[in-house]
Amino acid sequence: TFFVVVIHQNLKRVQMSNNNNEESEIADELTHHTNRVKKLISQSVSELKTPKRFVKEGVLKFSKSTSDSPTERYAFLFHNAILLTTKQKKGYKLNLSVGIKRDLVVENLEDPKQFTLNIPAKNITLLFEGEDEEQGQEWFEKVSKAVAGDYDLDVVDVKFKEVDGEQVWDVRAGLNNVQRRIIEELEEKLNQEDLTDYQKSYLEDDCLCRYLRARNWDVNKAFKMLMNTLKWREETHPEAITLEEIEADAEAGHTYISTGRDKRGRPIVYMRPGRGSYTKEARAQKVKYMTWVLENSAKTMRTKYTGIEKMSWIIDFEGAKFDNKTDNIKLSKDTIGVMQDHYPERLGMGKIFFIST
């Protein structure tokens, strides 16, 4: 039997702790509205397990087929989902929840009040109709923007500029005003620290943004996380690990960087925990090897020139033991710790394979 579990690192937002009015407004969208809607709807809504960006709510007619007449519903649109409900005496009953994904297709119809939402994965097309022409167009525009990722603070808008004849990623050009102020605040806190030139060289804009995203754009939390990484890098110099130091693990073939790329141009890392020795003595060496893999995967991205900053992992557990007492489980935890603490926002997608023969 063969099972595949696709893990997407869903970048989450909880709260922005800034005094600026615009920042407070965004924080409100992420917390107040999410909690408000969760209380209004009688059922549990998986799309709202964590705070999401609120966009719009109101009456919206809906039909599961373009051949049927739409019936009135009350809709809540977030950056990641549109929730269609029926109003009750107390609150709302959830009729349908549609996850917002990039492969959805939004199309305007001849009737300006109407538009369709095509879901290719399910081969269905939903029909929507606003209360009037103005509302129909507003819903169409906002749903279109949600599908495009315009309301998602985690979506990275990659823009390039020419520097010395080369096209390089202009990170701040892709940020909104709130995000730019936050990254400037983080930069200011870092400038007050007595950092070495080696540590300063790590603090590129794309790096600062990854740590901010990993900590929900909370400056203090991102600063603490980043300072821990700078200390770790100063002590370990992961970029200086040589092939000679990790030769035995490299030859074992339990983890390696593929020469190919995924559809988005991201490097692919293959990991096979069932191979090799996982004794207590070998764990430290293997963590060092995994650090080398992470470091060199990041180098192959050439982020400055491509805007690519994530990697894909394929993990094949064939032959691996799943006893909590075994060292391969402990090694997995050690590896995850290094990745979460010092390589945040680097996982674009993971595929885990369980194979029995």
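Residues numbered from 1 in each chain as written. Predicted model: local features only at pLDDT ≥ 70, side-chain atom pairs only at ≥ 80, totals over all residues. Heavy atoms only, no water.

## Comments concerning the confidence of the model for the protein
Then step 1. Per-residue confidence for the protein averages 83 on the pLDDT scale, and 83% of its residues sit at or above 70.
Then step 2. Low pLDDT (under 50) marks residues 1-20, which in the prediction has 63 contacts with non-local residues, meaning those over four places away or in another chain. (pLDDT = per-residue confidence, 0-100. Contact = heavy atoms within 4.5 Å.)

## Digging into the nonpolar core
Then step 1. With 24 residues, the main nonpolar core has Leu186, Leu190, Leu203, Leu208, Tyr211, Leu212 and Leu226 as its most contacted residues.
Then step 2. The set of elements that each furnish at least two residues to this core consists of α3 (177-191), α5 (205-214) and α6 (219-236).
Then step 3. For Leu208, the contacting residues outside a window of four places in its chain are Ile183, Leu186, Leu190, Leu203 and Leu226.
Then step 4. Within the second largest apolar cluster, 23 residues are counted, among which are Ile82, Leu117, Leu126 and Val143. (Core = buried A, V, L, I, M, F, W, Y, C linked by side-chain atoms within 4.5 Å. Buried < 20%, exposed > 50% of the residue type's maximum accessible area, 1.4 Å probe, protein only. Helix = DSSP H or I, 4+ residues; strand = E, 2+ residues; numbered from the N terminus.)

## Let's talk about the sheet that holds strand β6 (residues 105-108)
Then step 1. Within the open sheet, the seven strands sit side by side as β5-β4-β3-β2-β8-β7-β6. Their pairing is antiparallel. Edge positions in the open sheet fall to β5 (92-99) and β6, since each of these has one partner strand only. Strand after strand, the sheet turns through a mean of 35 degrees between neighbouring axes, direction not considered.
Then step 2. Examined bridge by bridge, strand β3 (residues 71-78) and strand β4 (residues 81-87) share five bridges and lie antiparallel to one another. From the neighbouring strand, Phe78 faces β4, where its bridge partner is Ala81.
Then step 3. Of the strands in this sheet, β2 (54-63), β3, β4, β6 and β7 (114-119) touch helix α2 (residues 133-148), which is tilted by about 115 degrees from β2. (Pairing = 2+ DSSP bridges. Axes fitted to C-alpha atoms, helices over the stretch in contact; angles between N-to-C directions.)

## Observations regarding the pattern of salt bridges
Pairing of side chains with opposite charge becomes possible as their charged atoms draw close.
Then step 1. The full count for this structure, using the stated rule, is 17 salt bridges.
Then step 2. Put simply, Arg213 and Glu309 hold a salt bridge, and the shortest N to O gap is 3.0 Å. Note that Arg213 is positioned in helix α5 and Glu309 in the loop between α9 (303-306) and β13 (311-316), a separation of 96 residues in sequence.
Then step 3. Since its relative accessible area comes to 5%, Arg213 is described here as buried. (Salt bridge = Lys/Arg side-chain N within 4 Å of Asp/Glu carboxyl O.)

## Points about empty space enclosed by the protein
Then step 1. Per the counting criterion, the structure on display carries one cavity of 30 Å³ or more.
Then step 2. Computed from the structure, the largest cavity encloses a volume of approximately 40 Å³.
Then step 3. The greatest single-element share of the lining of the largest cavity, amounting to three residues, is contributed by α5.
Then step 4. Considering only residue class, the lining of the largest cavity consists of five nonpolar, one polar and two charged. (1 Å grid on protein atoms, 1.4 Å probe; cavity = no way out; pocket = protein on both sides within 12 Å on 5 of 7 lines; lining within 4 Å. Points joined across faces, edges and corners; volume = space filled by probe spheres on them. Nonpolar A, V, L, I, M, F, W, Y, C, P; charged D, E, K, R; others polar.)

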